[in-house]
Amino acid sequence: MPKYPTSSARSTKAPKRAKVFVRLPPASITMTALRPMPALPLEIYTYILELADCATLASAARVNSTFQHEAETVLYKDLFIWGSVGTIALSRSLLLTGRKHRITALRRFRPFVVHDDSRDPDLAPSIKSILDAASNLTDLSLEIPCSIPIAPDKPIQLKRLHANQAFDDNMLDLLAKVPFLKTLCIMKPSKLSTVDSSIVPALESIEGTGAVVALFVPHRPVRKVKVLRDAWEDTVTVGTLLDALAKSTVHLEHLSLFVSHKSSDVLAAVAQRLPHLRTLEIQNIEPSHWVLI
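Criteria and thresholds
Residues numbered from 1 in each chain as written. Predicted model: local features only at pLDDT ≥ 70, side-chain atom pairs only at ≥ 80, totals over all residues. Heavy atoms only, no water. Buried < 20%, exposed > 50% of the residue type's maximum accessible area, 1.4 Å probe, protein only. Helix = DSSP H or I, 4+ residues; strand = E, 2+ residues; numbered from the N terminus. Pairing = 2+ DSSP bridges. Right-handed = clockwise from strand over helix to strand, strands pointing away. Phe/Tyr/Trp six-rings, centres within 6.5 Å; stacked < 30°, edge-to-face > 60°. Core = buried A, V, L, I, M, F, W, Y, C linked by side-chain atoms within 4.5 Å. Contact = heavy atoms within 4.5 Å. Axes fitted to C-alpha atoms, helices over the stretch in contact; angles between N-to-C directions. Parallel < 35°, antiparallel > 145°, perpendicular 65-115°, else oblique. Left-handed = near helix turned anticlockwise from the far one by under 90°. Salt bridge = Lys/Arg side-chain N within 4 Å of Asp/Glu carboxyl O.

The name given to the protein chain in an unreviewed UniProt entry is F-box domain-containing protein, with Botryobasidium botryosum as the source organism.

Here it is as structure tokens:
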């Protein structure tokens, strides 16, 4: 027997040992880098959704929780609602627990209520709840045929208000809660004889009948005025209206004036009392009665 075993003998009798190789990631690679990343940044999806129509946004909101949040943020930014039933249902949807992004996204709110359902007892509380909760609401348009109490409990950041409803104490209560309002449009004649100067102190643009304009221009920084034709009551005389316009705390720059009678003295009166006007529009005056100055 040989002193040293042959190679074949050694290979037969030698134990087999398995070699285990463990591959560790390089020190520069963190575990977060190994997670799947979205295909596009979230801002890109938001930009795309802002270009979509309402039907597309509603479909996108059903994809997943992320898409729901982003799509509803765009969908609830500008809301036009028809009827008291829709307005009441909307208030419940906006105030759902866990859906705060809906009410936070609201920037423009336009409820349109027909005459038959305008006296629904739940209508006023529903609109009021939206105004109380919508912290970013800046534009409100009310198409409600009757007067309803919707003034919020505390001042809100509203910048523009268009109201086609009775201008009475309920409307005045609402105006008292919008100290930052800059643009106001009142379509109905005023039932009030005076308005305190602390109401809408930052007002810059007013549209309404002569009586409404004469109430809101004095002691406010109004630069733009549009006087609407008043078909429900006697119009304010031109002289009285111009006296009120001259009481703006800044120079009036833009004026659209309705004159219900033919007068060749209107332009001269405007030029005398409002010398800093940049644009002037006069309605219902025949060209033969215009006087160039």
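Draft legend 1. Quick look at the pairing of strand S6 (residues 205–209). Judged by how many residues are buried, S6 sits mostly within the fold: 4 of 5 residues are covered. Looking at chain direction, strand S5 (residues 183–186) and S6 are connected through 3 bridges and run parallel. For Cys185, the partnering residue across the bridge sits in S6 and is Glu207. Summarising the sheet, S6 and strand S7 (residues 224–228) pair through 5 bridges and their orientation is parallel. Following the sheet pairing, Thr209 is matched in S7 by Leu228. Each parallel crossover has a hand, and for S6 linked through helix H9 (residues 210–216) to S7 it is right-handed.

Draft legend 2. Fine view of unusual backbone geometry. Despite not being glycine, Val200 shows a phi value in the positive range, around 40°. A positive phi angle is found at His219, which is not glycine, with a value near 65°. Mapped onto the fold, His219 is located in the loop between H9 and S7. Since its relative accessible area comes to 55%, His219 is described here as exposed.

Draft legend 3. Focus on the packing of aromatic side chains. If you walk through the whole model with that rule in mind, you get 3 aromatic pairs. Judged by centre distance (4.6 Å) and plane angle (20°), the rings of Trp82 and Phe112 are stacked. Highlighted residues: Trp82 in strand S1 (residues 78–82) and Phe112 in strand S2 (residues 108–112), separated in sequence by 30 residues. Looking at Trp82, the relative accessible area reads 55%, which means it is exposed. Here Phe167 and Phe216 contribute two aromatic rings whose centre-to-centre distance is 5.7 Å and whose plane-to-plane angle is 25°, an arrangement assigned as stacked.

Draft legend 4. Geometry of the nonpolar core. Formed by 63 residues in total, the largest nonpolar core has its most connected members in Phe109, Leu161, Leu175, Ile206, Phe216, Val225 and Leu245. Here this core takes 5 residues from helix H7 (residues 123–133), the largest share from any one element. If we skip the residues at most four places from it in the chain, Phe216 touches Phe167, Leu175, Leu184, Val195, Ile199, Val200, Leu203, Ile206 and Val222. Among the nonpolar cores identified, the runner-up in size contains 6 residues, and Leu49, Ala61, Ala71 and Val74 belong to it.

Draft legend 5. View of the packing of helix H10 (residues 238–245) against helix H11 (residues 266–273). Taken N-terminus to C-terminus, the directions of H10 and H11 make an angle of 20°; their axes are 10 Å apart at the nearest point. Our classification of the angle between H10 and H11 gives roughly parallel. Handedness of the crossing formed by H10 with H11: right-handed. In this structure, H10 contributes Gly239, Leu242 and Asp243 to the contact, and H11 contributes Ala269, Val270 and Arg273.

Draft legend 6. Structural detail: the pattern of salt bridges. Enumeration over the complete set of coordinates arrives at 11 salt bridges. A salt bridge links Lys182 to Glu204; the nearest nitrogen and oxygen atoms lie 3.4 Å apart. Here Lys182 is found in the loop between helix H8 (169–175) and S5, whereas its partner Glu204 is found in the loop between S5 and S6, with 22 residues between them in sequence. Of the residues examined, Lys182 reaches a relative accessible area of 33% and is grouped as partly exposed. Connected via shared salt-bridge partners are Asp78, Arg108, Arg110, Asp139 and Arg160.

Draft legend 7. Inspection of the environment of Leu277 at higher detail. By secondary structure assignment, the location of Leu277 is in the loop between H11 and strand S9 (279–283). Each C-alpha atom, one on Leu277 and one on Leu252, is 5.9 Å from the other, the two residues being 25 residues apart in sequence.

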